[in-house]
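The primary structure of each chain is shown beneath.
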Amino acid sequence: MIIHETFNINDKGHLTIGGMDTVELAEKFGTPAYILDENVIRNNCRTYLKAATEHFSEDALPLYASKALCFAGIYKIAAEEGMGVDCVSGGELYTARLAGFPAEKIYFHGNNKTDRDIKDAMDMGVGTFVVDNLDELEALSGEASARGVVQRILLRITPGIDPHTHRAVVTGNVDSKFGSAIVTGQAMEIVKKAISAKGIRLAGLHCHIGSQIFDVEPFAEAADIMIRFIADTKKECSYEIEELNLGGGLGVRYTEDDPTIDYSSAIKNMADIIKTYALSNGIKMPRIILEPGRSLVAASGLTLYTVGSVKEITGFKNYISVDGGMPDNPRYALYQSRYTALIANRASEPADYKATIAGRCCESGDLLGEDMLIQKAKRGDTLAVLVTGAYNYSMASNYNRLPRPPVIMVKDGEARVAVKRETYEDITANDVI
Ligand SMILES: Cc1ncc(COP(=O)(O)O)c(C=O)c1O
């Protein structure tokens, strides 16, 4: 096992995923290619669902935060596993519906929903809007009243805590662009407006404190603040908040240096703590919603590339250049995210060669990692970057007009195309000459 159970080395010395030889997968599907082990995703969904319903309550629901990895097939898996989903755009909603995902189990997020988004989501019958701000509340209330319907909503609240993770993925701080802050009084203001707004039923509150968090402590801190706020709402408005969505954010192991995390125990710990908070604040335990993204899909995947060149700059650095890069994985360029990489066709050889892995874009920052320890490489080798299931395909671009790689799903010894490789025709399809 390398980092996660799905990644192993077979007797040919080749890296495997879900028991399948990655060198053979690279030959069959070409590179770059995202490969996902479907069983890992399904097992993670089951872990969340089991832990949430066992430790919170029967009606607790994990939503798959589909921004982490979005294509039609993933919504089908989420539906089959009994999950809800979190969508943040018209495009994600459209994809969910294309896959037949039940609209009533969709939570519609986003800090700037357009009028068109609101109308489209209501046309689809989206179950719950997570309303970010007063402007949105007013627009949604107007649309719902005009249609003569009552829309179920949660309000996004910023609890004002720092979960000690990368600055770019912290979202629960007071000056965040998301939600309404409790300390400024704006959270209570929007709650009051939502309670009295026409066409709106305020079901609950939402907070998401950030991503790649390994301790339960910041979640407990957020829950403490949110539960006290629910108690204040009860006192000030005589209104019972029935649902509390605690967002996503549990971390994933990308390298040997990262901690391991047992999601089931983390959820149990959260449940134990939150139940005591509810009790001590004199409120009924709200229905708990969780919103994991990364922790459901990241460890299911890897990306395969072909090595094009190995450049040794004497006295400085070694570069291994591959046939992908920041367009298929912008996370190093964005967050300096660290990964584990291997030469898949010589995975059992010692990883003692220090190299920077570069992409093929005209951009010095187009790197997948710097000074990584990897097997010695040569042109034509297959290079694998592990744990790329989350925020890789969904963040991919066509920079330098590079077509996006395919998504290949492996399951029980079979591999199938879940998203086709883009062609030059695909990427020029909207160009008007
Ligand atoms: C509102 C919300 N919920 C859930 C998530 C998923 O977070 P993660 O992938 O870290 O679990 C995000 C990520 O940005 C988010 O913004």
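What you see is a predicted model; the values in this text were computed from it and never measured. (Residues numbered from 1 in each chain as written. Predicted model: local features only at pLDDT ≥ 70, side-chain atom pairs only at ≥ 80, totals over all residues.)

Asker: Account for unusual backbone geometry, with residues named and values stated.
Answerer: In this structure, the amide linkage connecting Thr31 to the following residue, Pro32, adopts the cis form with an omega of -10°. Its place among the elements puts Pro32 in the loop between α1 (22-29) and β4 (33-37). Positive phi, close to 55°, is recorded for Gln336, a residue that is not glycine. With respect to the helices, strands and loops of the structure, Gln336 is situated in the loop between α11 (331-335) and β16 (341-343). Since 11 C-beta atoms lie within 10 Å of it, Gln336 is described here as exposed. The phi angle at Tyr391 is positive, at roughly 55°, despite the residue not being glycine. In this fold, Tyr391 is placed in the loop between β19 (382-386) and β20 (407-411). (Helix = DSSP H or I, 4+ residues; strand = E, 2+ residues; numbered from the N terminus. Buried ≥ 20, exposed ≤ 12 C-beta atoms within 10 Å, placed from the backbone.)

Asker: A description of the sheet that holds strand β2 (residues 15-17) should follow, citing residues and the corresponding values.
Answerer: The strands making up a sheet are joined through hydrogen bonds of the backbone, oriented either antiparallel or parallel. Strand order in the open sheet formed by three strands is β1-β2-β3, and the pairing between neighbours is antiparallel. Strand pairing shows two members of the sheet lacking a second neighbour, β1 (7-9) and β3 (20-21), which therefore form its edges. Note: β1 against β2, three bridges, orientation antiparallel. Bridge pairing in β2 places Asn8 opposite Thr16. (Pairing = 2+ DSSP bridges.)

Asker: An account of the packing of helix α2 (residues 38-55) against helix α9 (residues 263-280) is requested, with residue identities and associated values reported.
Answerer: Look at α2 against α9: their axes get within 9 Å of each other, and the N-to-C directions meet at 25°. Judged by the angle between their axes, α2 and α9 are roughly parallel. For the pair α2 and α9, the sense of crossing is right-handed. Contacts from Thr47, Tyr48, Ala51, Ala52 and His55 of α2 reach α9 at Tyr263, Ser264, Ile267, Lys268 and Ala271. Taken together, the residues of the contact of α2 with α9 sort by class into six nonpolar, three polar and one charged. (Axes fitted to C-alpha atoms, helices over the stretch in contact; angles between N-to-C directions. Parallel < 35°, antiparallel > 145°, perpendicular 65-115°, else oblique. Left-handed = near helix turned anticlockwise from the far one by under 90°. Contact = placed C-beta atoms within 7 Å. Nonpolar A, V, L, I, M, F, W, Y, C, P; charged D, E, K, R; others polar.)

Asker: Account for the domain arrangement of the chain, with residues named and values stated.
Answerer: Assigned domains within the chain: domain 1 (7-37 + 298-428) and domain 2 (109-292). Relative to domain 2, the C-alpha centre of domain 1 lies at a distance of 36 Å. With nine residues of domain 1 at the interface, the matching set in domain 2 holds five residues. Each residue belonging to the side of domain 1 that touches domain 2 can be placed in one class, and the counts come to six nonpolar, two polar and one charged. (Domains from an automatic or database assignment.)

Asker: Quick rundown of the pairing of strand β8 (residues 128-131)? Include the residues and the values.
Answerer: Two faces make up the sheet, and in a regular strand the side chains alternate between them. Burial along β8 is two-sided: the face carrying Thr128 and Val130 and the face carrying Phe129 and Val131 are both buried. In the sheet, strand β7 (residues 106-108) pairs with β8 via two bridges, with the strands oriented parallel. When the sheet's bridge partners are listed, Tyr107 is paired in β8 with Thr128. The pairing of β8 with strand β9 (residues 151-158) spans four bridges and is parallel. Note on β9: the bridge partner recorded for Val131 is Leu155. The parallel pair β8 and β9 is bridged by helix α6 (residues 134-147), and the resulting crossover is right-handed. (Right-handed = clockwise from strand over helix to strand, strands pointing away.)

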